[in-house]
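This is what each chain is made of:
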Amino acid sequence: MAKMLMINADKCTGCHNCELACSMSHEGMFRPDATRVHVFTWEVEGFSVPMMCQHCRDAPCITVCTPAALTRDPDTGWVNLDEDKCIGCKMCVQACPFGNAIWDEKLAKVLKCDNCGGDPACAKFCPTEAIVWVDDLVATRTRKRGFAEKFKQAFSE
Amino acid sequence: MHGWIGKILRVDLSTGKITTEALDPVMARDYIGARGLGTKFMTDEVDPKVDPLSPQNKLIFVPGPLTGTYAPSGGRYNVVTKGALTGAIAAANSGGTWGAEFKFAGYDALIVEGASAKPVYLWIKDAAVELRDAEAIWGKNILDTSDAIRAETDDDAKIACIGKAGENLVLFAAIMNDLHRAAGRSGVGAVMGSKKLKAVAVVGTNGVTTANNAAFEKIVLQARDKIQKHPVGGTGLRLYGTDVLTNILNQIGGYPVKNFQDGYFPTADKLGGETLAKTLLKRPKACFSCIISCGRVTKVTNKKYAGEGEGPEYESSWGFGGDCLIDNLDAVTKANYICNENGMDTITMAATIACAMELYEMGLITKEETGGIAIEWGSAEVMVELTRLTAMGEGFGKKLAMGSYRLAASYGHPELSMSVKKQEIPAYDSRAVQGIGLNFATANCGAAHVRGYTIAPEVLGTPMKVDKDAVDGKPALVILFQNLTAALDSTGGCLFTTFGIGAPEYAGMLSALTGVEYTEAAFMNCGERIWNMERQFNLAAGLTAKDDALPPRLTEEPLKTGASKGSVSRVPEMLPVYYDLRGWDANGVPTPAKLAALGLAQ
């Protein structure tokens with residue numbers, strides 16, 4: 001069974017620990033600008049949403065990557081970035097519909113989630129389970145059950 | 001340097017000159033950051049006798065070494081200055097994301113000096129720093145100011161700013177950041193207003209490094225685990241916020257009512273965190289790198305008090321609530337919103353209204369003065385209206401803007417101000433809990449619960465249970481908590497993490513982060529050094545042992561009802577012991593031997 005990062009935005013408190021853990025594990029420093037996950041907060045509503053690469057099945061970034069730096073791993077299903085092959089053309093940044101392929105001028109490279117090789121730091125440091133690393137089937141089942149419960153509340157009384 | 005950036009930003013508003021300088025590593029080691037480092041700059045650069053609202057005062061924004069890292073709940077900064085309300089050293093502590101963003105811009109401190117002739121704001125994008133005209137923004141509230149500055153700078157800019165209260169020099173004006181977070185106490189917002197500095201907007205794209213990544217991660221994960229397993233740090237604060245304290249304090253008879261005329265409020269539960277969670281709460285919110293998330297995102301739909309924002313915290317809920325004999329949570333929350341939207345300290349605002357209610361009851365404040373408003377106990381509408389008038393600088397609000405001490409003194413009754421060093425006492429009755437009273441009396445910034453929160457052992461039983469009514473051993477307990485807090489505040493950490501961790505974890509995190517070896521003893525020693533430095537500043541400013549006193553009501557009038565009925569505060573007994581244990585003489589002056597031992601100049 002494959003695993004995926006599941007985002008539970010309703011649980012996100014906007015603490016940014018995921019960004020700090022991500023930049024530390026990838027770049028060896030705390031630098032939210034150098035992370036593969038970003039949290040957006042609406043200050044008035046106090047609502048936050050973490051965003052990172054979704055490892056699309058039909059990935060636009062792979063389609064436009066001329067040097068084939070971006071490829072799909074057939075075993076894990078992840079979209080992997082080979083930094084040695086990357087020419088820094090930023091076509092993936094243009095193509096990603098979610099803005100999850102990031103160009104960092106200071107590091108002069110593309111930043112994209114690699115699931116930390118199977119033990120994502122963002123999920124490990126998330127204090128509220130807003131980001132969890134779970135079996136993909138479990139992830140969708142859990143969410144489905146949550147919405148099913150709302151139907152139950154609406155119709156069972 | 002690791003943990004620290006190694007650079008200080010200095011802005012002279014009188015000349016417009018902007019410079020940077022290196023951070024002295026020895027100073028960083030001994031004063032850590034935030035509250036400690038800011039107070040060190042004040043001590044070295046500012047005459048303690050200056051008028052707080054004069055250009056000679058400085059306004060210093062300082063994150064700590066932990067700020068910007070994933071140390072649990074370690075994203076805070078302090079605003080250090082001579083307080084407008086108190087005339088004493090002020091270190092107002094705030095969370096949100098501003099402190100971390102400022103650090104990512106590449107600085108350990110922002111020292112603002114002088115005063116501008118016309119309204120300006122400071123725009124910092126990494127190394128690019130400029131003063132910009134704020135004429136068009138002057139007069140705007142916190143939300144509109146933040147929106148307007150983002151439109152002129154960057155959508156993601158983090159904003160620390162003042163509202164109308166700071167502009168009008170309300171003596172308890174706060175500096176607000178990220179809309180809802182406040183460097184709240186002592187009137188730091190009035191100092192900012194006196195300098196005609198509307199805001200500091202910042203975008204930071206740099207990083208913070210550690211001396212040992214693996215060691216830092218290990219100790220941070222251990223510290224997080226301890227906090228998350230703690231019933232208060234891990235569970236209580238997220239579920240119910242700080243307002244969970246309402247019922248707890250009320251049950252022990254330590255919930256001040258009617259300007260501290262009593263210590264028990266029969267309907268307090270209507271204001272408590274449990275009620276808040278069931279009614280107005282939308283979701284918990286965290287500050288930068290926080291794992292606790294005590295912040296309350298709330299919405300009031302009741303048309304009379306409609307609004308949305310954050311709060312109330314326990315102290316705000318109590319102040320606008322029980323202290324004014326009000327149990328209407330919608331109204332209390334509305335008053336909190338008004339304070340947030342216009343930048344005012346909720347504790348002083350609320351306690352000043354409670355004091356005005358007593359003065360009105362005595363016939364000293366009259367309807368002629370108030371524009372027809374009957375300032376009666378329990379009137380929620382009046383309480384909200386007085387808060388609004390103060391924020392807007394209108395009518396009787398102009399008088400309330402002085403705070404309770406100057407208000408009560410103007411009617412010949414300064415003793416009716418429930419304050420120490422002119423700063424209002426928060427939501428814990430010193431008659432019901434002996435140690436906290438001694439902390440209020442001796443806190444260098446004026447009465448404050450967050451300087452030595454002995455409520456933890458005396459009421460909550462953590463990290464150990466202590467008899468709340470005992471006085472034996474309390475001076476030593478208060479000193480321990482005050483020193484620990486002074487050191488902790490200086491790291492950029494949050495006091496609430498002490499529901500889970502303490503000096504060993506902080507010393508460990510600092511060592512792994514900075515590469516400077518802090519033993520537990522060295523860390524506590526920094527706290528004692530900072531406390532004594534603050535004391536020296538105050539003494540030089542003209543404060544004396546007479547200012548280490550609670551209002552006579554708390555030492556002379558026993559509580560009438562509730563579980564602590566019959567008690568008075570025994571601070572006068574404890575104070576000489578406290579001085580002695582501090583290594584101070586009978587007048588509360590640190591001895592030369594003590595100062596020398598701490599490496600402080602005389």
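Summary of the structure given here. (Residues numbered from 1 in each chain as written. Chains lettered and ligands numbered in written order. Predicted model: local features only at pLDDT ≥ 70, side-chain atom pairs only at ≥ 80, totals over all residues.)

### Some thoughts on the overall build of chain A
- If you tally the helices and strands in chain A, you get five helices and eight strands.
- Going from N to C terminus, chain A has its helices and strands arranged as β-α-β-β-α-β-β-α-β-β-α-β-α.
- Principal axes of the C-alpha set define a box for chain A whose edges measure 60 × 35 × 25 Å.
- Looking at the 157 residues of chain A, the share that counts as buried comes to 39%. (Helix = DSSP H or I, 4+ residues; strand = E, 2+ residues; numbered from the N terminus. Buried ≥ 20, exposed ≤ 12 C-beta atoms within 10 Å, placed from the backbone.)

### Quick notes on helix H18 (residues 434–442) of chain B
Residues and elements named next belong to chain B.
- Summarising burial for H18: nine of the nine residues are buried, a large majority.
- Every buried residue of H18 is accounted for by Gln434, Gly435, Ile436, Gly437, Leu438, Asn439, Phe440, Ala441 and Thr442.
- If you follow the buried residues of H18, they end up packed against strand S16 (419–420), helix H19 (455–460), helix H20 (474–491), helix H23 (552–556) and helix H24 (571–582). (Contact = placed C-beta atoms within 7 Å.)

### What about the environment of glycine 95 of chain B?
Residues and elements named next belong to chain B.
- By secondary structure assignment, the location of glycine 95 is in the loop between strand S5 (89–94) and helix H3 (98–104).
- On a C-alpha basis, the gap between glycine 95 and isoleucine 455 in space is 22 Å, while along the polypeptide they are 360 residues apart.
- If sequence neighbours within four positions are ignored, glycine 95 has contacts with Gly75, Arg76, Arg181, Cys287, Phe288, Cys290 and Cys494.

### Some thoughts on the nonpolar core
Residue and element names in this part refer to chain B.
- Within the largest apolar cluster, 239 residues are counted, with the highest numbers of intra-cluster contacts made by Leu110, Tyr121, Met383 and Met509.
- In terms of residue count, helix H13 (residues 346–361) provides more of this core than any other element does, eleven residues in total.
- With residues up to four places along the chain from it excluded, the contact list for leucine 110 reads Leu9, Val11, Ile60, Phe61, Phe102 and Val200. (Core = buried A, V, L, I, M, F, W, Y, C linked by C-beta atoms within 7 Å.)

### Topic: unusual backbone geometry
- Following glycine 311 of chain B, the chain continues into proline 312 of chain B via a peptide bond in cis, with omega recorded as 5°.
- A cis amide bond links threonine 462 of chain B to the next residue, proline 463 of chain B, at an omega of 0°.
- By secondary structure assignment, the location of proline 463 of chain B is in the loop between H19 and H20.
- The residue histidine 16 of chain A is not glycine, and still its phi comes out positive at about 70°.
- Tracing the chain through its elements places histidine 16 of chain A in the loop between strand S1 (3–7) and helix H1 (17–27).
- Phi is positive for histidine 55 of chain A, close to 50°, though the residue is something other than glycine.

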